[in-house]
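Secondary and tertiary structure notes
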Amino acid sequence: STYAFGLSVGLIVAILIILQLTYTDDKIRSRRSLNRPQSELLFLGELQTNGSDSSATQVASALVFQAKNAAAASVHVCSTDSTSTSASVTESLAKAGIAAHLTVVGAQNVDSMSVNELVAHGAQAFVLVAWRNSTKARDLLNAQQVLVGSGNRVLGVILATPTN
């Protein structure tokens, strides 16, 4: 009976630890993480940066549509994770043929931008890149607030899976 009691207490403690980690972890792991009620960002699609042409084409078409609706001539693709850059996302979009419809520019992380880069310039807009299993929800929200607060338009967010 002592073993059974020890086993049951151990299982309860393990379950409590798993639940605590589940509720406090705010990394973006799926599309569902981006569709929370507090998120005002439009989800533009999932992008596999390992060369999947179909995901890049789908994201590129959604991006072109949103840019035309917003009358944006250029779109700055901006990573929200300080450890990742938007270069592979910009490259994937270029391979999908987005350049024929829209000027896409890779931008640095919002936290690294200068005042000149943050100030709104006419017909430009931003797209945020959330990296699966890396970007935190609060970092995405902060990037959106910084860009909108400086007068920029944010067209939406792309969920990108990094190349392994």
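Now for a look at the structure at hand. (Residues numbered from 1 in each chain as written. Predicted model: local features only at pLDDT ≥ 70, side-chain atom pairs only at ≥ 80, totals over all residues. Heavy atoms only, no water.)

1. Focus: the nonpolar core
The criterion, for reference: By nonpolar core is meant a set of buried Ala, Val, Leu, Ile, Met, Phe, Trp, Tyr and Cys residues that side-chain atoms within 4.5 Å join together. Think of it in three bands: residues with accessible area under 20% of the maximum for their type are buried, residues over 50% are exposed, and the middle band is partly exposed, with areas taken using a 1.4 Å probe on protein chains only. Runs of H or I in DSSP of at least four residues are treated as helices and runs of E of at least two as strands, each being numbered from the N terminus. Working rule for contacts: check all heavy atoms of both residues, and any pair within 4.5 Å makes them a contact.
Core analysis: the largest hydrophobic core is formed by 23 residues, its most contacted members being Leu63, Val89, Leu93, Ile98 and Leu102. The set of elements that each furnish at least two residues to this core consists of strand S1 (43-48), helix H3 (53-69), strand S2 (74-79), helix H4 (87-95), strand S4 (124-131) and strand S5 (153-161). If one sorts the elements of this core by residue count, H3 sits on top with 6 residues. Apart from residues lying up to four places away in sequence, Leu102 is in contact with Leu63, Val64, Ala67, Ala72, Ala73, Ser74 and Val75. Listed in part, the 18 residues of the second largest apolar core include Ile28, Phe43, Val110 and Leu128.

2. Describing a nonpolar patch on the surface
Quick note on the threshold: The patch calculation keeps residues exceeding 30% relative accessible area without a salt bridge and links them within 9 Å when they carry like charges or within 5 Å when they are nonpolar (Val, Leu, Ile, Met, Phe, Trp, Tyr). Note that accessible areas follow from Shrake-Rupley with a 1.4 Å probe, and for residues the cover is restricted to the protein chains shown. In the sections that follow, a salt bridge refers to a side-chain nitrogen of Lys or Arg positioned within 4 Å of a carboxyl oxygen of Asp or Glu.
Residues Leu7, Leu11, Ile12, Ile15, Leu16, Leu19 and Tyr23 make up a contiguous nonpolar surface patch of roughly 780 Å² in combined accessible area. Taking the relative accessible area as the measure of exposure, Ile12 reaches 52% and is therefore exposed.

3. Structural notes on the pairing of S4
Worth spelling out the cut-off: Here, a strand pair is defined by DSSP locating no fewer than two bridges between the strands.
Across the 8 residues that make up S4, a large majority, 8, are buried. Where burial is concerned, the two faces of S4 agree: the one with Gln124, Phe126, Leu128 and Ala130 and the one with Ala125, Val127, Val129 and Trp131 are both buried. Bridge count for S2 against S4 is 6 bridges, and the pairing is parallel. Considered in S4, the bridge of Ser79 is made with Val129. As judged from the 7 bridges shared by S4 and S5, these two strands associate in the parallel manner.

4. Points about the pairing of S5
Two faces belong to every sheet, and in a regular strand the side chains alternate between them. Rule in force here: Convention used here: a crossover is right-handed provided that the path from the first strand, over the helix, to the second strand proceeds clockwise when the strands point away from the viewer.
Taking burial as the measure, the 9 residues of S5 include 8 buried ones, the bulk of the element. Note on the crossover from S4 through helix H6 (residues 137-149) to S5: the handedness is right-handed.

5. A closer look at the side chain of Gln124
Positionally, Gln124 belongs in strand S4. Apart from residues lying up to four places away in sequence, Gln124 is in contact with Ala72, Ser74, His76, Glu117, Val119, Asn152 and Arg153.

6. Re the sheet that holds S5
Counted only if it meets this: Every angle, taken between N-to-C directions, lies between 0 and 180 degrees, and every axis is a line fitted to C-alpha atoms, over only the stretch in contact when it is a helix.
What the 5 strands build is an open sheet, ordered S1-S5-S4-S2-S3; its pairing is parallel. Single-partner strands in this sheet number two, and they are S1 and strand S3 (103-107). On average, each strand axis in the sheet is inclined to that of its neighbour by 30°, with strand direction left out of account. One ladder, built from 5 bridges, connects S1 with S5; its direction is parallel. For Phe43, the partnering residue across the bridge sits in S5 and is Val157. Packing against the sheet, H3 makes contact with S1, S2, S4 and S5, and its axis sits at approximately 155° to S1. Strands S4 and S5 of the sheet are contacted by H6, whose axis makes an angle of about 170° with S4.

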